Amino acid sequence: MKNILTAAAFLTTVTLFAQTTGKEFTISGTAKNLQPEHKIYLEIAGTQPLVVVDSAKVGADKRFTFKRKEVDEGTVYQVNLAGAQRIIVLIEGGETIDIVADGTEKGGAKVTGSKNNDYYQQLIGMYKEMNEKSLKWQEEYAQAEQKKDSKKIAKIQQDFEAASQAFTGKVKSMIPELGTSLVALFATNFLNPEVDFATIDALAKRFETERPTMKQAQVFVGNAKRMRGIQIGDAAPEITLNSTENKPVSLSSLRGKIVLIDFWASWCGPCRQENPNVVRVYNRFKDKGFEIFSVSLDRDKAAWVKAIEKDGLIWTSHVSDLKYWQSIAAQNYGVNAIPATFLLDKDGKVIEKNLRGVALEKKLEELLKVNN
């Protein structure tokens, strides 16, 4: 039986930035089982190793307080109550959060002060309810398999699928009212990208328009663009990035030629192994209306330039934003692995993807009407 995505998937996408500007927020609270002088830690949830951003001591009144600035427009924090209890808090800046907790490993906690956290608790409650049902069905499923009870197995599968679809339906129905909030990003972890991509894609487009500087949203939008990808028959999106000489070069400058967009990097072994074939093809067809537009996913400019020279990549259109997998071009083209290539016709439309070696050569012979 398939498993529902866990909330932890969302918490591992956090990117850290220096806290220099942003909106102030306050997190304060009490924990009845903690004692004065106990240490409370404010951590970035999901980071490995765990990042502690602040600490405070429990006062004589058993209260603790954190006052900070949120610079990324949305971060998932974890309040660590002296190692005894950990509580997730979603912060976008401007909140005054109050926590009432037990301060024990399995104790309860109530978080108030923002709609983000109200919705988060609602989603977590829905997930826990679904997870409890799922665990019960898994036990029944194992017993039915031992007894070879096919009717029982079919009934369990049917019940699970129905409950799973109902759970997903509830989450999807909530997303519009969540808007472009941090908890809206969290909610997408309960969706199946293969089935619910339209919902994910619509939300990503909203974030891209309405909150383009939100760090969590930038990661989400990039992932959605990769899932969306570019298909054969699509018009190739424009790429304008700096060359090795720090001058902007645009893909559209090659319009009128058959163009191979080649996503690669100096650190990519398969890319470097394929480069001799790319050079051979280029040398054969460069005078017949063929060009290569190379997009590097490097982050070290010196390594990028050295690899171009060493591999003899003599064409002039070499570009990169030196952002590794966060490359805007790679996101726009849905590149999840390299080498990745897109072959464009003279009008800039994608006609083939990931052709290499002999397959690329034969396709170019066909397009450029070149005999063997």
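**Concerning the pattern of salt bridges**
Step number 1: Overall, the coordinates contain 20 salt bridges when judged by the stated rule.
Step number 2: Two residues, glutamate 140 and lysine 136, come together in a salt bridge whose shortest N-O distance is 2.6 Å. Placement of both glutamate 140 and lysine 136 in helix α2 (residues 115–146) is noted, with a separation of 4 residues, approximately one turn of the helix.
Step number 3: One salt-bridge network, held together by shared partners, links Arg280, Arg284, Glu361 and Glu365.

**Describing the sheet that holds strand β3 (residues 51–57)**
Step number 1: Taken in spatial order, the 4 strands of this open sheet run β3-β2-β5-β6, and their pairing is antiparallel. If you trace the sheet from one side to the other, it starts and ends with β3 and β6 (85–91), each paired once. If you compare each strand with its neighbour and ignore which way they point, the axes differ by 25° on average.
Step number 2: Here 6 bridges tie strand β2 (residues 39–44) to β3, and the two strands are oriented antiparallel to one another. Bridge pairing in β3 links tyrosine 41 to serine 55.

**Section: the confidence of the model for the chain**
Step number 1: Summary statistics for the chain give a mean pLDDT of 91 and a share of 94% for residues scoring 70 or more.
Step number 2: Scored below 50 in pLDDT, residues 1–20 shows 51 contacts in the model against residues more than four places distant or in partner chains.

**Regarding unusual backbone geometry**
Step number 1: For the bond running from glutamine 48 to proline 49, omega is -5°, close enough to zero to count as cis.
Step number 2: The topology assignment puts proline 49 in the loop between β2 and β3.
Step number 3: A positive phi angle, near 85°, is found at glutamate 37, a position not held by glycine.
Step number 4: Along the chain, glutamate 37 falls in the loop between β1 (23–31) and β2.
Step number 5: Residue glutamate 37 is classed as exposed on the basis of its relative accessible area of 52%.
Step number 6: One non-glycine residue, lysine 62, lies in positive phi territory at about 65°.
Step number 7: Tracing the backbone shows lysine 62 in the loop between β3 and β4 (63–70).
Step number 8: Note on lysine 62: relative accessible area 26%, which makes it partly exposed.

**Here we look at empty space enclosed by the protein**
Sizing a probe to match a water molecule and rolling it over the atoms shows the empty space that remains.
Step number 1: Under the criterion given, the structure shown has 1 cavity of 30 Å³ or more.
Step number 2: Here the largest cavity is characterised by a volume of approximately 40 Å³.
Step number 3: Lining the largest cavity are Leu260, Asp262, Glu274, Val278, Pro339, Thr341, Leu355, Arg356, Gly357 and Leu360.
Step number 4: Contributing elements (two or more residues each) for the lining of the largest cavity: β11 (258–264), α7 (269–285) and α10 (357–368).

**Remarks on helix α8 (residues 301–310)**
Step number 1: All buried positions along α8 are accounted for by Trp304, Ala307 and Ile308. The arc that holds the buried residues of α8, viewed along the axis, is 100°, so those residues lie on one side. Of the residues in α8, the exposed ones pointing more than 90 degrees away from the buried face are Ala302, Lys306, Glu309 and Lys310.
Step number 2: Considering only its buried residues, α8 is in contact with β9 (240–242), β11, α7, β12 (290–296) and β13 (318–319).
Step number 3: The opening residue of α8 is aspartate 300, an N-cap whose side-chain oxygen sits 3.0 Å from the backbone nitrogen of alanine 302.

**Details of the state of the cysteines**
Step number 1: Per the counting criterion, the structure on display carries 1 disulfide.
Step number 2: Disulfide pairing places cysteine 268 opposite cysteine 271 at an S-S distance of 2.3 Å. Given an S-S torsion of about 75°, the disulfide between cysteine 268 and cysteine 271 has right-handed geometry.

**Quick look at α10**
Step number 1: Relative to the 16 Å expected for 12 residues at 1.5 Å per residue, α10 spans 17 Å between its end C-alpha atoms, a close match to the ideal helical length.
Step number 2: Restricting attention to buried positions, one finds in α10 the residues Gly357, Leu360, Glu361, Lys363, Leu364, Glu365 and Leu368.
Step number 3: For α10, the elements touching its buried residues are β11, α7, β12, β14 (340–344) and β15 (350–353).
Step number 4: Following α10 by one or two positions, lysine 369 adopts a phi angle in the positive range, close to 55°.

**What about the packing of helix α5 (residues 197–210) against helix α6 (residues 215–228)?**
Step number 1: Two elements in contact, α5 and α6, have axes separated by 9 Å at closest approach and are oriented at 135°. One element, α5, and the other, α6, form an angle in the oblique class. As α5 packs across α6, the resulting crossing turns out to be left-handed. Seen from α5, the contacting residues are Phe197, Ile200, Asp201, Leu203, Ala204, Lys205, Phe207 and Glu208; seen from α6, they are Ala217, Phe220, Val221, Ala224, Lys225, Met227 and Arg228.
Step number 2: Residues that form the contact of α5 with α6 fall into these classes: 10 nonpolar, no polar and 5 charged.

**Here we look at the sheet that holds strand β7 (residues 96–101)**
Step number 1: On the basis of which strands lie adjacent, the open sheet formed by 4 strands has the order β4-β1-β7-β8 and mixed pairing. The open sheet is flanked by β4 and β8 (109–112), the only strands paired with a single partner. If you compare each strand with its neighbour and ignore which way they point, the axes differ by 15° on average.
Step number 2: Bridge count between β1 and β7: 6 bridges; the pairing is parallel. Across the sheet, residue threonine 26 finds its bridge partner in β7, namely threonine 96.

Cut-offs and rules
- Sequence order as written defines residue numbering, which begins from 1 separately in each chain.
- Note on the predicted model: pLDDT of at least 70 is required for a residue's local features to be given, and 80 or more for side-chain atom pairs to be given and counted; whole-chain, interface and lining totals, by contrast, use all residues.
- Excluded from the side-chain calculation are hydrogens and water; included are all heavy atoms of the structure.
- The salt bridge criterion pairs a side-chain nitrogen of Lys or Arg with a carboxyl oxygen of Asp or Glu, the two atoms within 4 Å.
- Each helix is a run of H or I in the DSSP string that is no shorter than four residues. Each strand is a run of E no shorter than two, and both are numbered from the N terminus.
- Following DSSP output, two strands are said to pair if at least two bridges run between them.
- Axis lines are fitted to C-alpha atoms, over the contacting stretch for helices. Their N-to-C directions set the angle, which ranges from 0 to 180 degrees.
- The predictor rates its confidence in each residue with pLDDT, a number between 0 and 100.
- Contact between two residues is taken to exist if any of their heavy atoms lie within 4.5 Å; hydrogens are not considered.
- Burial here depends on accessible area, computed with a 1.4 Å probe over protein chains only, as a share of the maximum for the residue type. Under 20% is buried, over 50% is exposed, and the range in between is partly exposed.
- Both cavities and pockets are sets of points on a 1 Å grid over the protein atoms alone; in a cavity a 1.4 Å probe fits but cannot get out, in a pocket the set is open with protein on both sides within 12 Å along at least five of seven lines, and lining residues sit with an atom within 4 Å of a point.
- Grid points are joined across faces, edges and corners, and a volume is the space filled by probe spheres set on the points.
- As used here, the arc is the angular range of directions from the helix axis to the C-beta atoms.
- Each polar contact in these results corresponds to two N or O atoms within 3.5 Å; when the atoms are within protein, one needs to be able to donate a hydrogen and the other to accept it, and residues that are neighboring in sequence are counted only if both atoms are side-chain atoms.
- In this description, a disulfide is simply a cysteine sulfur pair whose atoms lie within 2.5 Å.
- Each residue after the first adds 1.5 Å to the expected span of a helix.
- What sets the label is the angle itself: under 35 degrees gives roughly parallel, over 145 gives roughly antiparallel, 65 to 115 gives roughly perpendicular, and the rest give oblique.
- Two helices crossing with the near one rotated counterclockwise from the far one by less than a right angle form a left-handed crossing, whereas a clockwise rotation gives a right-handed crossing.
- Classification convention: Asp, Glu, Lys, Arg as charged; Ala, Val, Leu, Ile, Met, Phe, Trp, Tyr, Cys, Pro as nonpolar; all other residues, Gly among them, as polar.

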